[in-house]
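Observations on the model geometry
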Amino acid sequence: MSWRRLKTVAKKELLHIVRDVRSLTLALALPMVMLLLFGYALTLDVDRIPTYIYDQDRTPQSRELIDQFRGSTYFQILGAVNGYRPAELAMDKSAILLDIVVPRDYARRLLAGQEADVQLLIDGSDSNTASIALGYAQAVIQTYAAQLRSDAQVRKGGQPLRVPVDPRIRVWYNSDLKSKNFIVPGLIAVTMMIIASMLSSLTIAREWENGTMEQLLSTPVRPRELVLGKLLAYFALGITDMLICVIVGVFIFQVPLRGSVWFLFFTSCLFLFGALSWGIFISATARTQLLAFQMGMLSSFLPGYLLSGFIYSIQNMPKVIQAVSALVPARYFVIILNGIFLKGVGLRVLWGEVSMLVVYAGLVFVAASRKMRQKVA
Amino acid sequence: MWERLMEIIRKEFRQTFREPRMRTMLFLPPIIQLLVFGYAVNLDVGHSSMAWMDQDRTPQSRELLAAFEGSGRFDIRATPANDSEVQALLDANKVDMVVRVLPGFQRDIERGRSTAVQILINGTNSNTASIVSGYASSIVANFAGQAMQVQNRNLLTARMAPAPVHPGVPQLNLQSRAWFNPDLLSRNYFVPGIVVNIIMQITLMLTAMAIVREKEIGTMEQLMVTPIRPIELMLGKTLPFALVGLVDTALVIMVALLLFHVPFRGSVLLLFACAILFLMTTLGAGLFISTISRTQQQAMMTTFLFFQPFFLLSGFAFPIRNMPQSIQYLTLLDPLRYFIEIVRGLFLKGTGVAVLWPQMLALAIFGIVILSLSAMRFRKRLD
């Protein structure tokens, strides 16, 4: 291994990157675009659920029930309908998500001290929104029911009933339950995966495809130097992207950064090294850029996006997929990033994840240089 | 013209399918994507892990524990004894929630006083957290309702209440029914979206890269000295990928129906008709990108930069309803949005042209405009 040759390869590769202004701009703009989208536009938080009311009863009691929903910011009452048909049509067009139906005998049953029904029809296609919306509706009804019972007692001259147990819910780490707080740290991992899979996976395949690999081979450069040199060039790009993500995340989106900045930097370097090595491994395997790109998407972007626990929680996946996700380095990195940003924990809690990253980076780098040597020989 | 066109298509097919690995890469990723999305992309909170911290240790507190266990939603993973253990469990992501019963729980309930159950939720994933907190508060509310009835009965039988108590208290019953996806499986929501993703990826990326490759390697010049006309070259370069895209779509739908039992309530013919409308847009965009890129890397990066926002704003994973109003208007310019609405309507709701015509019209307009603009630009580049 010669430093001079390594530096030359890195310099050549950096020149490639810098000279291609568009790719460079895109590589730096992509994380910003993703962050802006996720920070401003994309959220799984559910509120203002568009709702229709079908009040068959039309009594003061039923109106009081509906007012409970009207008063909640989670529901947005778009109108009252007479019959199931208009609600069905609106649901087909996705104009509403929820239809609250108050049956004809609602007030009569309530006044008689019996059980009264309230019917909720919900568009279940988006199961996540639907189950959160149902939870909200349930909470509204339960609170109101308790109040009704107590009122009924008082009205009859009895003593008010007290709700014996009441849940005091406190949320830790992300107390206003903003999805951006957990998405922004995870996004750093995903962005790095993209940079790694898209940029570095093409780099060697391109040399093969354009025929410049032969020229490189006729120089005294060794496979390991070639791999490391290319890696260093993209490493610089990746770290720049990470800095952009962190700065935008912390200063524009006000995501809390509670842990150590140095620990963040160190783990990011580690992760990036592994991810880039993987890209180069793919690149050495595939001889065309199209193939390298497809392999990169499949083996790093998709798992980085879906199996890392970035949005979709791993413990809900079937056991087989959970086992597969254990092989995805982004999974550990997402845990580390969430730990550093939201919880402010350090190596003492995260040593397991960090050592997984070390093992991964080491193994993949060795595999990439070995593959390169095989191809060249 | 016909003959030359066939020749190019044949060349393109041969070039694409020559390499065994490329063959696999055209048909394997869609299936893998489907499997991953179908099995892994799951926002349903089936089983959450929780910790139980009982500082009362009475029959009442054990009954509350039984209510949590019996709900089928929570697995009790730990029973911490003090605050630092609670902190450690949440720090290490071992549990989603800690329920803490304070001393005096039973005493307070029996005396008819209000008592609190502390519920600490790990808010790292806000989505899971809000679902979990919904489940937890509904379990506690149920428990409270039962305790209230017992309290009421005790007051009645004891006849020592300070004021009269009446047996008939009203009760509210919530009956909810989810339409289109009664079991609320997120798989049913995501799988149709994957069809869109796959058509988009295969046609847009492959078209753009296949054309730019000729430029990058320098074979474009060779093609240009042949009698092939630009329009023929354009068709020859796009039709094979359109075909691959449609075959992939059929493949994915078959796997989705057979393996995942996702409902398909609409018309298959309508789906393919809409897919072809959508293909005009993606092929047009692929052509356009090929005219503005010199290297495959540029083509890929450009595609990705466009594809990613279009995809994220399409409502595939993040509901458009939740976006800020200005962004919601912006999504009207996203062709993917319309196709996703069509595909979801066909799969889950079984809607037809009567409901979906505005979306189809939008797709047709997008397709014609984008395809003709790109075709003009492509021709100018070659001439």
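Residues numbered from 1 in each chain as written. Chains lettered and ligands numbered in written order. Predicted model: local features only at pLDDT ≥ 70, side-chain atom pairs only at ≥ 80, totals over all residues.

**Examining the confidence of the model for chain B**
- Of all residues in chain B, 93% attain a pLDDT of 70 or more, and the chain-wide mean is 82.
- For this predicted complex, the interface confidence score (ipTM) comes to 0.77, while the overall pTM stands at 0.79. (pLDDT = per-residue confidence, 0-100.)

**A short note on the interface of chain A and chain B**
- With 103 residues of chain A at the contact, the number on the chain B side is 105 residues.
- Contributions of two or more residues to the side of chain A that touches chain B are made by α2 (21-41), α4 (84-92), β4 (115-123), α6 (127-155), β5 (165-172), α7 (179-210), α11 (289-306) and α13 (329-343) of chain A.
- Among the elements that take part in the side of chain A that touches chain B, α6(A) stands out by supplying 18 residues, more than any other.
- For the side of chain A that touches chain B, the residue count by class is 56 nonpolar, 28 polar and 19 charged. (Contact = placed C-beta atoms within 7 Å. Helix = DSSP H or I, 4+ residues; strand = E, 2+ residues; numbered from the N terminus. Nonpolar A, V, L, I, M, F, W, Y, C, P; charged D, E, K, R; others polar.)

**Some words on the packing of helix α9 (residues 223-252) of chain A against helix α10 (residues 261-285) of chain A**
All names here are of chain A.
- Where α9 contacts α10, the two axes come as close as 9 Å, and the packing angle between them is 130 degrees. By the criterion of interaxial angle, the relationship of α9 to α10 is oblique. Relative to α10, α9 is oriented so that their crossing is right-handed. Residues V227, K230, L231, Y234, F235, G238, I239 and M242 of α9 lie in contact with α10, whose contacting residues are S268, C269, L272, F273, L276, S277 and I280.
- Grouping the amino acids of the contact of α9 with α10 by side-chain chemistry returns 11 nonpolar, three polar and one charged. (Axes fitted to C-alpha atoms, helices over the stretch in contact; angles between N-to-C directions. Parallel < 35°, antiparallel > 145°, perpendicular 65-115°, else oblique. Left-handed = near helix turned anticlockwise from the far one by under 90°.)

**Observations concerning the environment of B:S61**
Residues and elements named next belong to chain B.
- Here S61 shows up in helix α3 (residues 59-70).
- Note on S61: 20 C-beta atoms within 10 Å, which makes it buried.
- Residues contacting S61, with those up to four places away along its chain left out, are D54, D56, V101, F105 and Q106. (Buried ≥ 20, exposed ≤ 12 C-beta atoms within 10 Å, placed from the backbone.)

**Regarding helix α7 (residues 186-217) of chain B**
All names here are of chain B.
- Here α7 spans 45 Å end to end across 32 residues, near enough to the 46 Å set by a 1.5 Å rise per residue.
- Across the 32 residues that make up α7, a large majority, 29, are buried.
- One or two residues past the end of α7 sits G218, with phi positive at roughly 95 degrees. (Expected span 1.5 Å × (residues − 1).)

**What about the nonpolar core?**
- Counting residues in each nonpolar core, the largest one holds 164 residues, and the members touching the most others are A:A189, A:M192 and B:F339.
- Top element by residues in this core is α7(B). It accounts for 18 residues.
- Ignoring any residue separated from it by four or fewer positions in sequence, one finds A:A189 in contact with A:G304, A:S308, A:F310, A:A330, A:F333, A:V334 and A:L337.
- Counting 66 residues, the second largest nonpolar core, distinct from the first, contains A:I66, A:L134, B:I121 and B:A147. (Core = buried A, V, L, I, M, F, W, Y, C linked by C-beta atoms within 7 Å.)

**A short note on the domain arrangement of chain B**
- According to the domain assignment, chain B consists of domain 1 (2-42 + 185-382) and domain 2 (48-158).
- Taken over C-alpha atoms, the centre of domain 1 of chain B sits 50 Å from the centre of domain 2 of chain B. (Domains from an automatic or database assignment.)

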